[in-house]
Amino acid sequence: MRYSGFRVLQQALTGHKGWQPAWRDPAPKPRYDIVIIGGGGHGLATAYYLARQFGQANIAVLEKGWIGGGNVGRNTTIIRSNYMLDGNEPFYEFSLKLWEGLEQDFNYNAMVSQRGILNLIHSDAQRDAFTRRGNAMILNGADAELLTAEQVRREYPFLNFDNARFPIKGGLAQRRGGTVRHDAVAWGYARGADSRGVDIIQNCEVTGFRIENGTCLGVETSRGFIGAGKVGVAVAGNSSRMMAKAGMRLPIESHVLQAFVTEGLKPVLPGVITFGAGHFYCSQSDKGGLVFGGDLDGYNSYAQRGNLPVVEDVAEGGMALFPGLGRVRLLRMWGGIMDMSMDGSPIIDRTHIDGLYFNGGWCYGGFKATPASGWCFAHLLATDTPHPTATAYRFDRFKRGRMIDEKGMGAQPNLH
Amino acid sequence: MIINHPLLGPCDAQEFTYLGDASLIDRPDGMADGADAAFHDYLYLRDNPAGLHRELWFHEQGDRSWLVVTRDTVTHDITSVELARDVARAKGRSA
């Protein structure tokens, strides 16, 4: 069923009795050409683009719980392409361009809102660094705009401009950045993939790989063996656990990242803002809640919850930047498990096992990457060659000394 | 989290900084054959288990000792704390 304004009107006049489930609930077939493990944003996007863009017909997505129940429903919904390094920026700009046409493409309202993102500047050195970043973005076809403190003040008059320690000296704006309704991204890709014949199989946990003579023949699951020509893994925080079943150790640690939302307010925050002196980023959801987050807790974790010291740190960052926040009550807080790679950049690559492909290491930047990650992983699965914007995301970059270390932190995942 | 320091007793985890898997104690011999590959695995690859994890914590705002903490990564429950020096000595790695 195609969604449109006319369809809503028609259904309103007929008692909303004609709506159908957005995707089927099929039983697994004994064999597929391509099996994607992980029914999150990246896995569903991969299946969608495999079917729509690369002409593949016999595809399944296996999900141990329900689709969209992991990080795609746990992030702070920000999209942007304000990266600097050559290995990253073309990929993230490709992703932002896909976001711009996404809703028309998959015929689903994902509430893509290009309300702009503003990275604040608090020192002369930071202005130099952000100027360089902005120039790198423009060279790669993205948009960037350096704002003075006065220009920032006109748009965000309520920020703490004259903080004695961290005064606001300006900002780097990307007007095409913004926010997206994150659950709708999973649902839209699921519906689009399902309508093109992809089997989305929920409550189907992968318990192992069947590997013979260096070739992956399929996966063992809680619903029996499923044969596969190719298997693609997109399981985010569980990447190390999944690939351990194939005997692989990854350059990844799993860490918990917390996020927060306040009670609903009238419109107060027009775009996405980030504090340049601490780690704090905030936007206002369409329901009115202020959605914000900060640093990782900093230790390995598979618990989808964090500890109080980081809550305090995030709140302090928020108060330093945005003192009015102190009058607002916190409604909810939660945690998600980030697959933190050793250089802070992702991996979309083949493995040493024929027929087994990996997509992971997204750190806490996975949501904005969802469309391009799906497209590039589909490209790799369908053609066995990397997409031109994802050639740097290889497993062997650590061995070859070609790290993509956007923050310059070295092999210390909790600092990226 | 509270880390029960073997010398100082219970301390808030905020006093510590985190390094990572305690296998980082087992630094390979840089002069041995195959040191390139050994250092790649040592520096970049991790077991990253869900469950008990032995890991290095540094008491930065305390006595500046390194500890090996055994902690469950699913529940954050800490089951044992040792001085990293003792662990390294037992492996013959420290004077």
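Residues numbered from 1 in each chain as written. Chains lettered and ligands numbered in written order. Predicted model: local features only at pLDDT ≥ 70, side-chain atom pairs only at ≥ 80, totals over all residues. Heavy atoms only, no water.

Comments concerning the overall build of chain B
Check the secondary structure of chain B and you find 2 helices and 6 strands. When the helices and strands of chain B are read in sequence order from the N terminus, they spell out β-β-β-α-β-β-β-α. Seen along its three principal axes, the alpha-carbon backbone of chain B occupies a region of about 45 × 30 × 20 Å. When burial is assessed residue by residue, chain B has 44% of its 95 residues classed as buried. Of the contacts made within chain B by residues no fewer than 6 positions apart, 47% connect residues no fewer than 24 positions apart. Per element, the accessible surface of chain B, about 5,100 Å² overall, is 50% carbon and sulfur. Across chain B, the centroid of the 9 positively charged side chains sits 5 Å from that of the 16 negatively charged ones. (Helix = DSSP H or I, 4+ residues; strand = E, 2+ residues; numbered from the N terminus. Buried < 20%, exposed > 50% of the residue type's maximum accessible area, 1.4 Å probe, protein only. Contact = heavy atoms within 4.5 Å. Areas by Shrake-Rupley, 256 points an atom, 1.4 Å probe, with all protein chains shown as cover. Lys, Arg positive; Asp, Glu negative; His and termini not counted. Charge placed at Lys NZ, Arg CZ, Asp CG, Glu CD.)

Brief notes about the sheet that holds strand β6 (residues 78-83) of chain B
Residues and elements named next belong to chain B. Pairing in this open sheet of 4 strands is antiparallel, and the strands run β3-β4-β5-β6 from one edge to the other. Where the open sheet ends on each side, the last strands, each with one partner, are β3 (17-21) and β6. Sheet twist, expressed as the average angle between the axes of neighbouring strands with direction ignored, equals 30°. Pairing geometry for strand β5 (residues 66-72) and β6, over 5 bridges, is antiparallel. Of the residues in β6, the one forming a bridge with Leu67 is Leu83. (Pairing = 2+ DSSP bridges. Axes fitted to C-alpha atoms, helices over the stretch in contact; angles between N-to-C directions.)

A closer look at the pairing of strand β4 (residues 117-121) of chain A
Two faces belong to every sheet, and in a regular strand the side chains alternate between them. Residues and elements named next belong to chain A. Burial of β4 is extensive: 5 of the 5 residues sit out of reach of the surface. Along β4, one buried face is formed by Ile117, Asn119 and Ile121 and the opposite face, lined by Leu118 and Leu120, is buried too. In the sheet, β4 pairs with strand β6 (residues 170-174) via 5 bridges, with the strands oriented antiparallel. Within the sheet, the bridge partner assigned to Asn119 lies in β6 and is Leu172. Pairing of β4 with strand β13 (residues 272-275) involves 3 bridges; the strand directions are parallel. Residue Ile117 lies in a different strand from β13, and its bridge partner there is Val272.

Examining the UniProt feature "domain: Rhodanese" (unreviewed entry) in chain A
Under the feature "domain: Rhodanese" (unreviewed entry), the UniProt entry names residues 34-78 of chain A. Between the C-alpha atoms that bound residues 34-78 of chain A the distance is 30 Å, and the span itself is 27% helix and 20% strand. (UniProt positions renumbered as here; feature names shortened; annotations may be inferred.)

Some thoughts on the nonpolar core
Residues and elements named next belong to chain A. Core analysis: the biggest nonpolar cluster contains 50 residues, and Leu44, Tyr49, Phe91, Trp99, Tyr189, Val198 and Ile348 have the highest contact counts within it. Where this core is concerned, the elements lending two or more residues are β1 (31-37), α2 (41-52), β2 (59-62), α3 (89-106), α6 (182-195) and α9 (370-383). Ignoring sequence-local partners within four residues, the contact set of Ile348 consists of Phe91, Phe358, Asn359, Trp362, Ser373, Cys376, Phe377, Leu380, Ala390 and Tyr393. Counting residues in each nonpolar core, the second largest holds 27 residues, with Val35, Ala60, Cys204 and Phe358 among its members. (Core = buried A, V, L, I, M, F, W, Y, C linked by side-chain atoms within 4.5 Å.)

Digging into the environment of Leu19(B)
Within the secondary structure layout, Leu19(B) lies in strand β3. Along the sequence, Leu19(B) and Leu43(B) sit 24 residues apart, while their C-alpha atoms lie 12 Å from each other. In this structure, Leu19(B) is in contact with Gln412(A), Leu24(B), Leu56(B) and Trp66(B), ignoring residues within four places of it in sequence.

What about the domain arrangement of chain A?
Residues and elements named next belong to chain A. Domain parsing of chain A yields domain 1 (24-81 + 83-107 + 182-252 + 343-415) and domain 2 (117-177 + 254-341). With 36 residues of domain 1 at the interface, the matching set in domain 2 holds 34 residues. For domain 1, the biggest contributors to the area lost against domain 2 are Arg74, Met84 and Tyr364; these three give 24% of the whole. Our count for the contact surface shared by domain 1 and domain 2 stands at 3 salt bridges. Here Glu93 and Arg176 are joined by a salt bridge, their closest N and O atoms 2.8 Å apart. The interface formed by domain 1 and domain 2 contains 15 residue pairs in polar contact (both at pLDDT 80 or more). Counting only elements with at least two residues in the side of domain 1 that touches domain 2, the list comes to β3 (78-79), α3 and α7 (239-244). Element by element, the count of residues in the side of domain 1 that touches domain 2 is highest for α3, at 6 residues. (Domains from an automatic or database assignment. Buried area = accessible area lost by both parts, 1.4 Å probe. Salt bridge = Lys/Arg side-chain N within 4 Å of Asp/Glu carboxyl O. Polar contact = N/O pair within 3.5 Å; in protein donor to acceptor, adjacent residues only side chain to side chain.)

Concerning the sheet that holds β4(A)
All names here are of chain A. Strand order in the open sheet made by the 8 strands is β5-β6-β4-β13-β14-β15-β12-β16, with mixed pairing throughout. Each edge of the open sheet carries a strand with a single partner, namely β5 (145-148) and β16 (330-341). Each neighbouring strand pair of the sheet contributes to a mean axis angle of 25°, computed without reference to strand direction.

What about the pattern of salt bridges?
The final tally for this structure, using the stated rule, is 26 salt bridges over all chains. In this structure, the salt-bridge partner of Glu145(A) is Arg175(A), at a minimum N-O distance of 3.1 Å. In this pair, Glu145(A) sits in strand β5 while Arg175(A) sits in the loop between β6 and β7 (178-179), placing the two residues 30 residues apart along the sequence. Judged by its relative accessible area of 31%, Glu145(A) is partly exposed. Residue Arg54(B) is joined to Glu82(B) by a salt bridge in which the shortest nitrogen-to-oxygen separation is 3.1 Å.

As for the interface of chain B and chain A
Every contact between the two is made by 21 residues of chain B and, on the other side, 25 residues of chain A. The three residues of chain B that bury the most area against chain A are Tyr44(B), Arg46(B) and Asn48(B), which together make up 31% of that side's buried surface. For the interface between chain B and chain A, the tally reads 2 salt bridges. Here Arg249(A) makes a salt bridge to Asp47(B), at a shortest N to O gap of 2.7 Å. The tally of links from chain B across to chain A stands at 15 residue pairs in polar contact (both at pLDDT 80 or more). Breaking the side of chain B that touches chain A down by element, the ones donating at least two residues are β3, α1 (35-44) and β4 (52-58) of chain B. Counted by class, the side of chain B that touches chain A contains 10 nonpolar, 8 polar and 3 charged residues. (Nonpolar A, V, L, I, M, F, W, Y, C, P; charged D, E, K, R; others polar.)

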